[in-house]
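Residues per chain, in single letters:
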Amino acid sequence: MTADEIREKIKTLRAEEAECKVKDAGGKVSLNGTYGKLGSRYSVLFAPHLMISVTLTGQLTLLMLIERAEAAGIPVVSGNTDGVLFRCPRSKTNGLAGERLKPSPLEAICSQWERDTVMELEFGEYKSVYNQSVNSYFAIKADGGHKRKGPLGNPWNKDPSDFDPVRGQLMKNPQATICSDAALALIKDGTPIEETIRGSQDIRDFVTVIKASKGATWRDEYLGKVVRYYWGIDGTPIMEKEPHASTGNYKKVPKSDGAIPCMMLPDEFPRDIDYAKYFDETKDILRDLGYFGEIKPPQKRIRITKANRKAVLSQFAVAP
């Protein structure tokens, strides 16, 4: 083949790959939506017994894999309906060859499980994982990439590990994604959070979109049922439009303290961004992820009563 033919072939293959990715993502949405409707009594697909069957099948088969791995000395970090995370000793794994495990004790366990269940596993290797929950985490991959899951995800980020044009179009409720970006940059590259946040001049990184089912107002201005805002220096909370039926109080829209509405994206980057608020939010994310170590619950004050007075005071008694 000539150089021009090779370039044309590559171009054709890349177009085909992009089309396949769109079909794959669309098919996943369709399948997940169908599964969700199995549990909705308002859907023609309502079939709770099938929903339970799908869930239990996935969970029980994974429990079988987990049991075999634990018996072989391979501890499990977490698992859900369709995935499991092992903290595998180096003596029991030999890494990956593409998306498959190389021959090793772990590979033998997984291969036997695949034969027994007639299911196929996909594998990934992580250097570290920072969890908020089972479905919300940062995973730093062995090849230098990363994965963000749940509310921490940012499919609009141009990084190849994040960018997902299909998911980016389907997701319409960003949550100050610059904070997730800053937390990831600190964990992965040691970049100070202030540098990441101040380094962005794209207002889309700073906005939060949230739904207020009964409408919302800001300084008595009606905003609508879907509110977009950023945290600003002179901001004030966004309130729900209708008061509580019995108390007459107006409920605050969650996490809207210091908000400035941004219903129309401005042509120029705002000068009143409350950077301190974004710094604090990033630190909260890092704290939830365990970056700062174990979260210790605050000590509660002891209230002395007649019932516990003797027991409490005896703890502070000093021998003469």
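Refer to the structure above for everything that follows.
Criteria and thresholds
Residues numbered from 1 in each chain as written. Predicted model: local features only at pLDDT ≥ 70, side-chain atom pairs only at ≥ 80, totals over all residues. Heavy atoms only, no water. Helix = DSSP H or I, 4+ residues; strand = E, 2+ residues; numbered from the N terminus. Contact = heavy atoms within 4.5 Å. Pairing = 2+ DSSP bridges. Phe/Tyr/Trp six-rings, centres within 6.5 Å; stacked < 30°, edge-to-face > 60°. Buried < 20%, exposed > 50% of the residue type's maximum accessible area, 1.4 Å probe, protein only. Core = buried A, V, L, I, M, F, W, Y, C linked by side-chain atoms within 4.5 Å.

J.: For the environment of Lys92, give the residues involved together with the corresponding values.
T.: Topologically, Lys92 is positioned in the loop between β2 (84-86) and β3 (96-97). For the pair Lys92 and Ser104, spaced twelve residues apart in the sequence, the C-alpha separation amounts to 5.9 Å. Those residues in contact with Lys92 that lie beyond four places of it in its chain are Ala72, Gly73, Ile74, Ser104, Pro105 and Leu106.

J.: An account of the pairing of strand β9 (residues 221-231) is needed here, citing residue identities and associated values.
T.: Both strand β8 (residues 208-218) and β9 contribute to a ladder of seven bridges, which runs antiparallel. Looking across to β9, one finds that Lys211 is bridged to Val226. Note: β9 against strand β11 (residues 259-261), three bridges, orientation antiparallel. For Trp231, the partnering residue across the bridge sits in β11 and is Ala259.

J.: Can you lay out the packing of aromatic side chains for me, pointing to particular residues and giving the numbers?
T.: Summed over all chains, the structure comprises six aromatic pairs. Ring plane angle 75° and centroid distance 5.3 Å describe the contact between Tyr291 and Phe292, whose orientation is recorded as edge-to-face. Take Tyr291: its relative accessible area is 33%, and that puts it in the partly exposed class. Joined through ring pairs, the aromatic side chains of Phe206, Trp231, Phe269, Tyr275, Tyr278 and Phe279 make up one cluster.

J.: Just give me the short version of the nonpolar core, but keep the residues and values in it.
T.: Grouped together as the largest cluster of nonpolar side chains are 39 residues, with contacts concentrated most on Phe138, Ile197, Ile203, Phe206, Ile238, Ile273 and Tyr278. Of all the secondary-structure elements, those providing two or more residues to this core are β6 (136-141), α5 (177-189), α6 (193-199), β8, β9, β11 and α7 (275-288). Ranked by the residues each element gives to this core, the list is headed by α5, at seven residues. Setting aside anything within four residues of it in sequence, one finds Ile197 in contact with Ile178, Ala182, Phe206, Tyr275, Tyr278, Phe279 and Thr282. Ranked by size, the runner-up nonpolar core spans twelve residues in total, among them Leu62, Ala69, Phe86 and Phe123.

Spatial relationships are all this shows, so hold off on functional conclusions.
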